[in-house]
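So the chains spell out like this:
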Amino acid sequence: MSRNRLSTFVAALCFGLLVASAAAAQDRASVTVGRYRLQSNPWVNLHQRLLYEAAFKWDKPPAGLSGEQLKQWAKAVEDYRAYVGRRNPIFNDELIRLNTALSGTNTDRLPASVPTAAQKVLEAAMPLYRAAQWEEDDRANRFWIAVAEPLLASAGEELAEAHAKVYGVPFPKRILVDVTSFGWQFGAYTVGEGESAHAVIASTDKGTQGFGALESLMHEPSHAIVGADEGAIGSELKRLSAETGLRPMANLWHAILFYTSGELTRRALARRGVADYRPFILDMYGRGFSGFRTSLETHWQAYLDGKVSREDALRQILIETAPPPKK
Ligand SMILES: [Zn+2]
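Thresholds applied
Starting from 1, residues in each chain are numbered consecutively following that chain's sequence as written. Reporting in this predicted model follows two pLDDT cut-offs: at least 70 for local features of residues, and 80 or more for side-chain atom pairs to be given and counted; totals over whole chains, interfaces and linings ignore these cut-offs and use all residues. Segments assigned H or I by DSSP are reported as helices when at least four residues long, segments assigned E as strands when at least two residues long, and all are numbered from the N terminus. Residues with at least 20 other C-beta atoms within 10 Å of their own are called buried, those with 12 or fewer are called exposed, and the rest are partly exposed. The C-beta atoms themselves are positioned from the backbone. This entry defines residue contacts through backbone-placed C-beta atoms, with two residues in contact when those atoms are within 7 Å. Any two strands between which DSSP finds at least two bridges are classified as paired. Residues of type Ala, Val, Leu, Ile, Met, Phe, Trp, Tyr and Cys that are buried and joined through C-beta atoms within 7 Å form what is called a nonpolar core. Interaxial angles span 0 to 180 degrees and are taken between N-to-C directions of axes, which are lines fitted to C-alpha atoms, for helices over the stretch in contact. An angle counts as roughly parallel when it lies under 35 degrees, as roughly antiparallel when it exceeds 145, as roughly perpendicular when it falls between 65 and 115, and as oblique in every other case. Left-handed describes a crossing whose near helix is turned anticlockwise from the far helix through less than a right angle; right-handed describes the clockwise counterpart. Residues are grouped as follows: nonpolar covers Ala, Val, Leu, Ile, Met, Phe, Trp, Tyr, Cys and Pro; charged covers Asp, Glu, Lys and Arg; every other residue, Gly included, is treated as polar. For a helix, the expected span equals 1.5 Å multiplied by the number of residues minus one. Throughout, the arc means the angular range of directions from the helix axis out to the C-beta atoms.

Glancing now at the overall build of the chain. Each helix and strand in the chain was counted, giving 11 helices and 5 strands. A principal-axis box enclosing the C-alpha atoms of the chain has dimensions of 80 × 65 × 35 Å. Counting the 327 residues in the chain, one finds 40% classified as buried. A sequence separation of at least 24 residues applies to 66% of the contacts in the chain between residues at least 6 apart.

Written out as C-alpha cells, the structure is:
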C-alpha cells in the first residue's frame, strides 16, 4: 500500500469510525450523565400514552392502526380509563409505583409488581403500539436524549449546585428521566423527594425542546426539594405566612420554582454564548402566574443577584401578592 493510499485508507477508516460513533450516539435508548439517567422505555411510553388518551379524552389513536386493531386500541383506552379512574399519576401511590415498575422493565413480560388490571391492558396493547407507533416515539425520544446529553454534560453540575445554593438544600443526587411522547397534563411531571427524583418529560413538547431541555431538566427534579408548604420555599412561605397573617396564593411556590430554574438556566446559557434564551415563565405570566411578575422580577431577582436575603425576598413577595385577608 503506497503512502498516499495508506493515508486515504486511514482517513476512510476514521470517517467510518466517526459515522459509527455518531450513529451510536443517536441510537442510545439510555444515557447517564452525572446524577442524571435519561431513557426511552416502551412500557413507560405506552402507559403515558394510554393514560393521556384515557384521562383527557384525546381521541388520536396511533395513525398506523386500522380496522380490528383500531377497535382493540379503543378497548385498551376504555379499559385503562376504568382502571385509572379519577386518580392522578403525580399523587396516587399505586400509579406512582406502576410508573416506577414499568420504568425498570426491559422485557416483553411485565413484573408481578404491576397490578393485574393494568398488566392486562398494557400487555394487550403493546403489540399494537410496537407495530404502529413505538418506532416514531422512540426516534423522537432518542433525539431528545441526544440533544440533552451534551447540555447536561456541560452545564448540569453547575446548575445543580446553583439550585442547591438558591434553595439552601442539596439538589437531588439520583435523577431518573423517562423521555416519552406524553407526560400527563402539562407534558412533564416529577415524583420523589429529597435525594431521588423520577421525572417524565415529553420529547414532543415544544417547550422542552432545544435549550428548553436544559431548563426542564432543572425544573423537574426541583419538585423533589421544593414544595407548596414544606421543603424548600414551601416551609419558608409557611413560616412567613404565620408571621404576617397572609396566605400565599396557591401557586406562588411553583412560580418561584419556574423563575429560579428559568433564570439560572438563562445565566448558564449566557455564559456559553447563548444570549437570547427565553425562560418558560415569560409565557406563564399571561396565564396562571399573572400578578406575580413585578414582585418576582424585583425581589426574587434581587435575591438571585445576592442583594437581599431569601427570607426578605420571600416576605416582600408574599406581602405584595397575597390576596387581601377575609374579614
Ligand atoms: Zn413544575
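Note that strand β1 (residues 30-33) and strand β2 (residues 36-39) share 4 bridges and pair antiparallel. Across the sheet, residue Val 33 finds its bridge partner in β2, namely Tyr 36. The turn joining β1 and β2, which pair antiparallel and follow one another in sequence, is formed by 2 residues; a positive phi near 55° is taken by Gly 34.

Attention now goes to the nonpolar core. Grouped together as the largest cluster of nonpolar side chains are 84 residues, with contacts concentrated most on Leu 50, Tyr 80, Ala 125 and Val 177. With residues near it in sequence (within four places) discarded, Tyr 80 still touches Leu 50, Leu 51, Ala 54 and Val 121.

Once that is clear, we can look at the packing of helix α3 (residues 67-84) against helix α5 (residues 116-132). Running from N to C, α3 and α5 cross one another at 155°; their axes reach a closest spacing of 10 Å. Relative to α5, the element α3 lies roughly antiparallel. At the point where α3 passes α5, the crossing takes the left-handed sense. In contact with Gln 69, Gln 72, Trp 73, Ala 76, Asp 79, Tyr 80 and Tyr 83 of α3, α5 contributes Ala 117, Ala 118, Val 121, Ala 124, Ala 125 and Leu 128. Here the residues of the contact of α3 with α5 are counted per class, giving 10 nonpolar, 2 polar and 1 charged.

Moving on, we come to helix α8 (residues 231-244). In this model, α8 (14 residues) spans 20 Å end to end at C-alpha, consistent with the 20 Å of a helix rising 1.5 Å per residue. Within the span of α8, buried status applies to Ala 232, Ile 233, Glu 236 and Leu 237. Considered in projection along α8, the buried side chains sweep an arc of 105° and stay on one side of the axis. Packing partners of the buried residues in α8 comprise α6 (134-167), α9 (252-270) and α11 (310-321).

A word on α3. A rise of 1.5 Å per residue sets the reference length of α3, with its 18 residues, at 26 Å; its end C-alpha atoms lie 26 Å apart and thus fit the reference within 8%. Within the sequence span of α3, burial applies to Trp 73, Ala 76, Val 77, Tyr 80, Tyr 83 and Val 84. Projected down its long axis, α3 carries its buried residues within an arc of 125°, all on one side. Along α3, the residues that are exposed and aim more than 90 degrees away from the buried face are Gly 67, Glu 68, Lys 71 and Ala 82.

Moving on to the packing of helix α10 (residues 293-304) against α11. Geometry of a packed helix pair, given as the angle between the helix axes and the separation of the axes. The contact between α10 and α11 brings their axes to 8 Å, and the two run at 170°. Put simply, α10 runs roughly antiparallel to α11. Note on element contacts: α11 touches α10 through Arg 310, Ala 313, Gln 316, Ile 317, Glu 320 and Thr 321, opposite Ser 295, Leu 296, His 299, Trp 300, Ala 302 and Tyr 303. Classifying every residue of the contact of α10 with α11 gives 6 nonpolar, 4 polar and 2 charged.

Turning our attention to unusual backbone geometry. A positive phi angle, near 50°, is found at Trp 184, a position not held by glycine. You can see Trp 184 is positioned in the loop between β3 (174-180) and β4 (188-191). Using a count of 18 C-beta atoms within 10 Å as the deciding quantity, one classes Trp 184 as partly exposed. In this structure, Ile 233 is a non-glycine residue whose phi angle is positive, near 60°. By the C-beta count within 10 Å, which is 27 here, Ile 233 ends up buried.

A sheet is described by the order of its strands in space; here 5 strands give the open sequence β1-β2-β3-β5-β4, paired in mixed fashion. Edge positions in the open sheet fall to β1 and β4, since each of these has one partner strand only. Averaged over all neighbouring strand pairs, the angle between strand axes comes to 15°, with direction disregarded. Both β3 and strand β5 (residues 196-202) contribute to a ladder of 7 bridges, which runs parallel. Counted as the bridge partner of Arg 174 is Ser 196 from β5. The strands that helix α7 (residues 212-222) touches are β2, β3, β4 and β5; relative to β5, the one it contacts most, it runs at about 135°.

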